[in-house]
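# Overview (structure and organization)
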Amino acid sequence: MRCPLCDSRTKVTVTRSVTNAKGYAIAREVSEEVTPFTSDWVARLRVCPSPDCAWTATTAELYLDDLKRGWVRKDPHIRKLLRGRKK
Ligand SMILES: [Zn+2]
């Protein structure tokens, strides 16, 4: 991925996943956002290598199948609850 400010190619400095998430702020942040929608993810910290820029961002890698119909809750129990709440 490229830096949106200076177009340099970003470098990945931290990678965390479901199985090595404990105690890492970046993993907690991504987990809170995506866990209702998918059971597997990878969180990465990307940094712009340009010393004049130093832009950073967190990215999340997910299975495309989990996004094909948009952000839909995949947990059947939660989906049933949401259906029951209609009207
Ligand atoms: Zn940059």
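Heads up: the structure comes first, above all this text.
Residues numbered from 1 in each chain as written. Predicted model: local features only at pLDDT ≥ 70, side-chain atom pairs only at ≥ 80, totals over all residues.

Before going further, it helps to spend a moment on the overall build of the chain. When helices and strands are tallied, the chain shows two helices and three strands. Along the chain, from the amino end to the carboxyl end, the secondary structure elements read β-α-β-β-α. The proportion of buried residues among the 87 residues of the chain is 10%. Excluding contacts between residues fewer than 6 apart, the proportion of contacts in the chain whose partners are at least 24 apart in sequence is 56%. (Helix = DSSP H or I, 4+ residues; strand = E, 2+ residues; numbered from the N terminus. Buried ≥ 20, exposed ≤ 12 C-beta atoms within 10 Å, placed from the backbone. Contact = placed C-beta atoms within 7 Å.)

The next subject is the pairing of strand β2 (residues 42-47). In this structure, strand β1 (residues 11-17) lies alongside β2, joined through six bridges in antiparallel fashion. Residue pairing in the sheet places Lys11 in a bridge with Val47 of β2. Relative to strand β3 (residues 56-61), β2 is paired through six bridges, and the arrangement is antiparallel. Paired with Val47 across the two strands is Thr56, which belongs to β3. (Pairing = 2+ DSSP bridges.)

Here the focus is the environment of Cys53. Examined against the element boundaries, Cys53 turns out to sit in the loop between β2 and β3. Using a count of 14 C-beta atoms within 10 Å as the deciding quantity, one classes Cys53 as partly exposed. Spatially, the C-alpha atom of Cys53 lies 7.2 Å from that of Cys6, the residues being 47 residues apart in sequence.

To continue, consider the sheet that holds β1. A sheet is described by the order of its strands in space; here three strands give the open sequence β1-β2-β3, paired in antiparallel fashion. Where the open sheet ends on each side, the last strands, each with one partner, are β1 and β3. Neighbour-to-neighbour, the strand axes of this sheet turn through a mean angle of 20 degrees, independent of strand direction. The strands that helix α1 (residues 25-34) touches are β1, β2 and β3; relative to β3, the one it contacts most, it runs at about 50 degrees. (Axes fitted to C-alpha atoms, helices over the stretch in contact; angles between N-to-C directions.)

Take α1 next. Where α1 is concerned, the buried positions are Ala27, Val30 and Val34. Down the axis, α1 shows its buried residues gathered within 70 degrees of arc, on one side only. Away from its buried face by more than 90 degrees, α1 exposes Ala25 and Glu32. (Arc of directions from axis to C-beta.)

Counting residues in each nonpolar core, the largest one holds five residues, listed as Ala27, Val30, Val34, Trp41 and Ala43. Element by element, the count of residues in this core is highest for α1, at three residues. (Core = buried A, V, L, I, M, F, W, Y, C linked by C-beta atoms within 7 Å.)

In short, the description is geometric, and any link to function would need to be established separately.
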